[in-house]
Amino acid sequence: GDGRVIAMFSSGDGDFAAAFSQGTGEELWRYRIEEIYKGHDGSHDGPIASPLLAAGRLFGFSPRGILFAVDSATGKPIWSKNLVAELGAKSPFYGFTSSPILLDGALIVQTGAGKGKEISGFRPEDGTLLWSAGDDEINYQAPIAATIGGRAQVVAAGGKTLRGLDAASGKLLWSYEHKGDETVMGGQKLIPVPAGENRFLLVNKEDSSTMIRVTPGEGGTYKVEDLWSNNAIRGTYVIPVYHDGYVYGVTGFILTCVDAATGEPKWKSREPGDGFVTLVGGHLVVLTKQGTLH
């Protein structure tokens, strides 16, 4: 945004956020978040969550639980909060991974800070805590913003429950027991994927996925129903993407296309290999774990 590419990474003995010129790649500024988070037990060094560029600021969440904001034009620090010390956030085994979102005046991350503090909203101007909600354990989940029945809301999965929340107040709008397992490939990293009107794909188990529909009713009520569940997308850390009636994800190391309405697999491809899928316009862009871009 604003002619800049923003990234978080490790370098030397530190973890950093930095801005680069979109046109030339020139580094414009660099902000040191903290001492480097060393990879362990199969993980890599450095930050895990994606940063957020919004309202002239860069927001980030470090593996040790530092939530911060810097000026996106200069990299000058604005505020920083240690959510472990200040909120009691509990670090997952591989560090915090929740990517922040900004919705209705609240900066939202999943902190897993205990009863009533599964997910929290903060004032983006100064980091003041606005609200906390939920009792689930948090591992590698992250919230999303979704519009259901014309109402923008936060949709977030904990260890057992998928919730819809009002972003400004944290008020619970609806909940659903997602029946996810406790594996890192399943429920521990469950991020809901919007997949058509009022529908969400949940890769909630290591060996299967589920499509649900959330339908608004009268008086602010919501109905949640299962549409289908199968093993078409399974056994992966990769979060699928949705486009024009189809879901694209990875099963094992195989790129897979699934009909979002029925769950029926439409095609599979061994190329380009195990990698992370991003939707850019009408194309799937895949960065493989070997470092090739397709």
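For the structure itself, look to the data block above.
The sections below set out a description of the structure shown in this document. (Residues numbered from 1 in each chain as written. Predicted model: local features only at pLDDT ≥ 70, side-chain atom pairs only at ≥ 80, totals over all residues. Heavy atoms only, no water.)

**Let's talk about the overall build of the protein chain**
Convention followed: The helix count covers DSSP runs of H or I at least four residues long, the strand count covers runs of E at least two residues long, and both are numbered beginning at the N terminus. Radius of gyration here uses only the C-alpha atoms, and the compact-globule reference equals 2.2 Å multiplied by the residue count raised to the power 0.38. The contact rule is simple, with two residues in contact once any of their heavy atoms fall within 4.5 Å. Surface accessibility follows the Shrake-Rupley procedure with a 1.4 Å probe radius. Residue values consider only the protein chains on display as shielding. As used throughout, the charge tally considers Lys and Arg to be positive and Asp and Glu to be negative, leaving His and the chain termini uncounted. To locate a charge, take NZ of a lysine, CZ of an arginine, CG of an aspartate or CD of a glutamate.
The helix and strand inventory of the protein chain stands at one helix and 25 strands. Its C-alpha atoms give the protein chain a radius of gyration of 19 Å, near enough to 19 Å, the size a compact globule of 294 residues would have. Of all intrachain contacts in the protein chain linking residues separated by at least 6 positions in sequence, the fraction that spans at least 24 positions is 42%. In the form shown here, the protein chain has an accessible surface area of approximately 13,300 Å², with 50% of it arising from carbon and sulfur atoms. The protein chain carries 27 positive and 33 negative side-chain charges, and their two centres are separated by 2 Å.

**Considering the packing of aromatic side chains**
Keep this limit in mind: Two rings belonging to Phe, Tyr or Trp (six-membered ring only in the last case) form a pair when the distance between their centres is within 6.5 Å. Interplanar angles under 30 degrees mark stacking, angles over 60 mark edge-to-face geometry, and anything in between is tilted. We call a residue buried when its accessible area falls under 20% of the maximum for its residue type, exposed when it is over 50%, and partly exposed in between, using a 1.4 Å probe and counting protein chains only.
Inspection of the entire model under this criterion finds eight aromatic pairs. Their ring planes at 50° and their centres at 5.3 Å tell us that Phe-61 and Phe-96 sit as a pair that is tilted. Here Phe-96 lies in the loop between helix H1 (83-87) and strand E8 (101-103) and Phe-61 lies in strand E5 (residues 57-61), a separation of 35 residues in the sequence. This pair shows no difference in class: Phe-61 is buried, exactly as Phe-96 is. Where Tyr-94 meets Tyr-140, the ring centres are 6.1 Å apart and the plane angle is 50°; that geometry is what we call tilted. Residue Tyr-94 is found in the loop between H1 and E8, and its partner Tyr-140 is found in the loop between strand E11 (129-133) and strand E12 (144-148); the two are separated by 46 residues along the sequence. On the accessibility criterion, Tyr-140 (10% relative accessible area) is buried. Here the aromatic cluster, defined as three or more aromatic residues joined through ring pairs, consists of Phe-9, Phe-16 and Phe-20.

**Considering the environment of Asp-135**
To keep it simple, the criterion reads: Side-chain atoms alone can form a polar contact between residues adjacent in sequence; in general such a contact is a pair of N or O atoms within 3.5 Å, and within protein one must be able to donate a hydrogen while the other accepts it.
Looking at where Asp-135 falls in the secondary structure, it is placed in the loop between E11 and E12. When the C-alpha positions of Asp-135 and Thr-215 are compared, they lie 24 Å apart, and in sequence the two are 80 residues distant. Ignoring anything within four residues of it in the chain, the contact list for Asp-135 reads Lys-115, Gly-116, Glu-118 and Arg-163. Within the local environment of Asp-135, its side chain forms a polar contact with the backbone nitrogen of Gly-116, the two atoms lying 2.6 Å apart.

**As for the pairing of strand E9 (residues 106-110)**
Defined as follows: Between any two strands, at least two bridges found by DSSP are needed for them to pair.
Counted residue by residue, E9 has five buried out of five residues, so it is predominantly covered. Every second residue of E9 is oriented toward a common face, with Ala-106, Ile-108 and Gln-110 on one face and Leu-107 and Val-109 on the other, all of them buried. In this structure, E8 lies alongside E9, joined through three bridges in antiparallel fashion. Bridge pairing in E9 links Leu-103 to Ala-106. Here E8 hands over to E9 after two residues, with Asp-104 in that stretch at a positive phi of 50°. Alignment of E9 against strand E10 (residues 119-122), held across four bridges, turns out to be antiparallel. Paired with Gln-110 across the strands is Ile-119, a residue of E10.

In short, geometric facts, not functional conclusions.
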